[in-house]
Each structure stands twice: as C-alpha cells, then as structure tokens.
Amino acid sequence: LGKDNLWFLIETNYDNWKKPPFFDDRITPCIKCMKMKGKNQVTFESLFNVFSSRPVLNKVENARLF
C-alpha cells in the first residue's frame, strides 16, 4: 500500500506505476474521496457512494477497493 493511503487499496486495470490515461482517470478521484471520508467513517453506504459517483463509475468497468 502507498505511504499516504495505508488503510485502503484501489485497483484498476491500469498499471499502478504509470500515470492513468487522461480520458479515464478513476483512481485519482477515488483516492481523494477515500481520504476525505477517512478510515473511521467507512460504511457500505459510503463505499457505494464513492463507487457509484462520476468519474469513479465507469459504464465499462469499475475500480475495485480491497
């Protein structure tokens, strides 16, 4: 896990060592939402809200949180 997000892991189909494509950057807003929520405030509903919001929600494929 990264040094700034020790309590969550987000997975997309893009290589994590490369910058995400400008036309489909779902990971940056997802990380921002998770940091804003904070680990003590995570619920099923809050995760659902993160993953069903734009631009995290993608009609073709969604990011996965582990």
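Residues numbered from 1 in each chain as written. Predicted model: local features only at pLDDT ≥ 70, side-chain atom pairs only at ≥ 80, totals over all residues. Heavy atoms only, no water.

Looking up the chain in an unreviewed UniProt entry gives the name ceramidase, with the organism given as Rotaria socialis.

**Q** Describe the side chain of arginine 26, listing the residues and the values that go with them.
**A** Mapping arginine 26 onto the fold places it in the loop between β1 (10-11) and α1 (27-37). For arginine 26, a relative accessible area of 4% corresponds to the buried category. Looking at arginine 26, its side chain comes within polar contact range of the side chain of aspartate 24, at 3.0 Å. (Helix = DSSP H or I, 4+ residues; strand = E, 2+ residues; numbered from the N terminus. Buried < 20%, exposed > 50% of the residue type's maximum accessible area, 1.4 Å probe, protein only. Polar contact = N/O pair within 3.5 Å; in protein donor to acceptor, adjacent residues only side chain to side chain.)

**Q** Could you give an account of helix α2 (residues 44-51), naming the residues involved and the relevant values?
**A** Taken as a whole, α2 has its buried residues at Ser46, Val50 and Phe51. All buried residues of α2 fall inside an arc of 130° around its axis, so they share one side. For α2, the exposed residues set more than 90 degrees away from the buried face come down to Phe44, Glu45 and Phe48. (Arc of directions from axis to C-beta.)

**Q** Let's hear about the nonpolar core: which residues, and what values?
**A** Buried together is how nonpolar side chains tend to be arranged in soluble globular proteins. Among the nonpolar cores identified, the biggest contains 7 residues, and these are Phe8, Ile10, Cys30, Met34, Val50, Phe51 and Val56. Elements with a minimum of two residues in this core: α1 and α2. (Core = buried A, V, L, I, M, F, W, Y, C linked by side-chain atoms within 4.5 Å.)

**Q** Account for the packing of aromatic side chains, with residues named and values stated.
**A** Considering all chains together, one arrives at 2 aromatic pairs under this definition. Ring centres 4.7 Å apart and planes at 75° place the aromatic pair tryptophan 7 and phenylalanine 8 in the edge-to-face group. Under the relative-accessibility criterion, tryptophan 7 is labelled partly exposed at 31%. Measuring from centroid to centroid gives 5.5 Å for phenylalanine 22 and phenylalanine 23, while their planes differ by 90°, and the two rings are edge-to-face. (Phe/Tyr/Trp six-rings, centres within 6.5 Å; stacked < 30°, edge-to-face > 60°.)

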